[in-house]
Amino acid sequence: MKKVLITGAAGFLGSHLCDRFIKEGYGVIAMDNLITGDLKNIEHLFKLEQFEFYNHDVTKFIHIPGELDYILHFASPASPIDYLKIPIQTLKVGALGTHNLLGLAKEKGARILIASTSEIYGDPLVHPQTEDYYGNVNTIGPRGVYDEAKRFQESMTMAYHRFHGLETRIVRIFNTYGPRMRLNDGRVIPAFMGQALRGEDLTVFGDGLQTRSFCYVDDEVEGIYRLLLSDYSYPVNIGNPNEITIKDFAEEIIKLTGTDQKIIYKPLPQDDPLQRQPDISKAKELLGWEPLIGREEGMKRTFDYFKTLSTEELQKTEHRDFSERNNR
Ligand SMILES: NC(=O)c1ccc[n+]([C@@H]2O[C@H](COP(=O)([O-])OP(=O)(O)OC[C@H]3O[C@@H](n4cnc5c(N)ncnc54)[C@H](O)[C@@H]3O)[C@@H](O)[C@H]2O)c1
């Protein structure tokens, strides 16, 4: 049985990847320190013999007994609320964590796939964003901790590939959504859906004319799976190019949830990108991949998930340990 290590396994994307690799018949070693993730995302897998879980911080030395075929490095705070509260951890997981995992891949002779992000393009001056665009990132702005950690992660991954001949893959993930997102993580979809379910008005930052392109999680996982098994070592955008303004999106959510909320406007946070749309020509050509699930269907499935949350969960604003201990 082939073995895969998935870091960030108790998080949104990591948990869906665990499901996918279990379904494909792999032995899955899941690793997470639960700083933003939740064991309830993977508890259904604990009974399976082919699944094991390590509660471990990837910025510390990693030891895994036995053979490993693949590593998927998805551990990292991923939403602005998270990485602005734990900036130092965010830099460390992108730098030290990635270094540890590249070392482990080298030791085991495993292929490693690194989760990068559209945020490496910053506030892009090229639209839509192609993989050969170098980005427009403010290194010292508050969001720099995430964007630069991810850029450094890509550089180190390519260095291991060139210098040690390691088999590496880099996926640049564009906004992905679906069940198991955290309601209070500050990302736009859970934020709108939470507000709709609590009967609050929907908050749009700025004039709402900034754009986003949302990819449903099953499509994203399919793209990542195909990239891992491909023979391509350079970054590949995986996302849905169907772009929408935040204002139009808020209106779609009001329609979907059947509520009569209004939209309220607040100032745009610093360095919030104004445009986001992946050019996925490379993924189409190399992987024969493109998203199949439209926004209407994906949002319906996601809203159905949020509707299953208890009133208590809906009211929770934060429940993470973002203490000093986690910010060194
Ligand atoms: N969801 C998206 O739209 C999106 C977009 C671009 C990139 N990504 C990338 O995908 C990955 C997963 O994102 P997500 O949306 O699932 O976020 P998430 O917060 O749901 O999951 C991240 C997981 O990593 C774990 N983690 C964080 N630091 C760790 C550490 N030091 N050691 C071990 N575990 C640690 C967290 O506890 C959490 O379970 C991240 O690398 C993120 O940058 C996600």
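Data block above holds the structure.
How each quantity is defined
- Residues numbered from 1 in each chain as written.
- Predicted model: local features only at pLDDT ≥ 70, side-chain atom pairs only at ≥ 80, totals over all residues.
- Heavy atoms only, no water.
- Pairing = 2+ DSSP bridges.
- Helix = DSSP H or I, 4+ residues; strand = E, 2+ residues; numbered from the N terminus.
- Axes fitted to C-alpha atoms, helices over the stretch in contact; angles between N-to-C directions.
- Contact = heavy atoms within 4.5 Å.
- Near = heavy atom within 4 Å.
- Polar contact = N/O pair within 3.5 Å; in protein donor to acceptor, adjacent residues only side chain to side chain.
- Areas by Shrake-Rupley, 256 points an atom, 1.4 Å probe, with all protein chains shown as cover.
- Expected span 1.5 Å × (residues − 1).
- Buried < 20%, exposed > 50% of the residue type's maximum accessible area, 1.4 Å probe, protein only.
- Core = buried A, V, L, I, M, F, W, Y, C linked by side-chain atoms within 4.5 Å.
- Salt bridge = Lys/Arg side-chain N within 4 Å of Asp/Glu carboxyl O.
- Parallel < 35°, antiparallel > 145°, perpendicular 65-115°, else oblique.
- Left-handed = near helix turned anticlockwise from the far one by under 90°.
- Phe/Tyr/Trp six-rings, centres within 6.5 Å; stacked < 30°, edge-to-face > 60°.
- Lys NZ or Arg CZ within 6 Å of the ring centre and 35° of its normal.

What follows covers the sheet that holds strand S4 (residues 70–73). Reading across from one edge, S3-S2-S1-S4-S5-S6-S11 is the order of the seven strands in this open sheet, with parallel pairing throughout. Either end of the sheet is taken by a strand with one partner, and the two such strands are strand S3 (51–55) and strand S11 (236–238). Across the sheet, the mean angle from the axis of one strand to that of its neighbour is 20 degrees, orientation sign disregarded. Here strand S1 (residues 3–7) pairs with strand S2 (residues 27–32) via five bridges, running parallel. Note that in S2 the partner of Thr7 across the bridge is Met31. Sheet strands in contact with helix H3 (residues 87–108) are S1, S4, strand S5 (111–117) and strand S6 (168–173), and its direction is about 175 degrees off that of S4. Seen against the sheet, helix H6 (residues 217–229) touches S4, S5, S6 and S11 and runs at an angle of roughly 160 degrees to S6.

What follows covers the site of the ligand. Taken together, 30 residues lie around the ligand, and Leu13, Asp32, Thr36, Tyr146 and Arg187 are the ones closest in. In this structure, an oxygen atom belonging to the ligand sits 3.0 Å away from a main-chain N or O atom of Gly37. If the ligand stood free it would expose 820 Å²; the protein chains cover 97% of that surface. The biggest single contributor to the shell around the ligand is S5, with three residues.

Taking 1.5 Å of rise per residue, the 22 residues of H3 would be expected to cover 32 Å, and the 31 Å separating its terminal C-alpha atoms lies within 8% of that figure. Listing the buried residues of H3 in full gives Gln89, Thr90, Val93, Gly94, Gly97, Thr98, Leu101, Leu102, Leu104, Ala105 and Lys108. Where the residues of H3 are buried, they touch S1, S4, helix H2 (80–85), S5, helix H4 (144–164) and S6. Following H3 by one or two positions, Gly109 has its phi on the positive side, about 65 degrees.

Relative to the elements of secondary structure, Leu197 occurs in helix H5 (residues 188–198). Leu197 gets classed as partly exposed once you look at its relative accessible area, which sits at 27%. Between the alpha carbons of Leu197 and Leu314 there is a distance of 7.7 Å; along the sequence they are 117 residues apart. Look past the residues within four positions of Leu197 in its chain and what remains in contact with it is Phe303, Phe306, Lys307 and Leu314.

Considering soluble globular proteins, one finds that nonpolar side chains tend to be buried as a cluster. Core analysis: the biggest nonpolar cluster contains 60 residues, and Ile6, Cys18, Phe21, Val28, Leu72 and Phe74 have the highest contact counts within it. Residues contacting Leu72, with those up to four places away along its chain left out, are Val4, Leu5, Ile6, Thr7, Leu17, Phe21, Leu113, Ile224 and Leu228. Ranked by size, the runner-up nonpolar core spans 20 residues in total, among them Ile29, Leu101, Ile112 and Leu166.

Glancing now at the pattern of salt bridges. By the definition in use, this model includes 23 salt bridges. We note a salt bridge from Arg226 to Glu222, for which the minimum N-O separation is 2.8 Å. With Arg226 and Glu222 both in helix H6, this residue pair falls four residues apart, about one helical turn. The exposure class assigned to Glu222 is partly exposed, which follows from its relative accessible area of 21%. Here Lys300 makes a salt bridge to Asp304, at a shortest N to O gap of 3.4 Å. You can see Lys300 and its partner Asp304 sitting in helix H9 (residues 295–307), four residues apart, about one turn around the helix.

The next thing to look at is the environment of Leu125. Here Leu125 shows up in the loop between S5 and H4. A relative accessible area of 68% places Leu125 in the exposed class.

Moving on: the packing of H5 against H9. At a minimum axis distance of 11 Å, the contact between H5 and H9 shows a crossing angle of 55 degrees. Considered as vectors, H5 and H9 are oriented oblique to each other. For the pair H5 and H9, the sense of crossing is right-handed. Only Met299, Thr302, Phe303, Phe306 and Lys307 of H9 make contact with H5, whose side of the interface consists of Ile189, Pro190, Met193 and Leu197.

Attention now goes to the packing of aromatic side chains. Summed over the entire model, instances satisfying the criterion amount to 14 aromatic pairs. Consider the rings of Phe21 and Tyr26, whose centres lie 4.9 Å apart with planes at 75 degrees: the pair is edge-to-face. There is no split in this pair, since Phe21 and Tyr26 are both buried. With a centroid separation of 4.7 Å and 40 degrees between ring planes, the pair formed by Phe214 and Phe249 is classed as tilted. Pair noted here: Phe214 is in the loop between strand S9 (211–213) and strand S10 (215–216) and Phe249 is in helix H7 (residues 246–257), with a separation of 35 residues, a long-range link. For the pair Phe214 and Phe249, one class covers both residues: buried. Ring pairs connect the aromatic residues Tyr177, Phe192, Phe214, Tyr216 and Phe249, which therefore count as one cluster. Directly above the ring of Tyr225 sits Arg20, whose terminal nitrogen or CZ lies 4.3 Å from the centroid.

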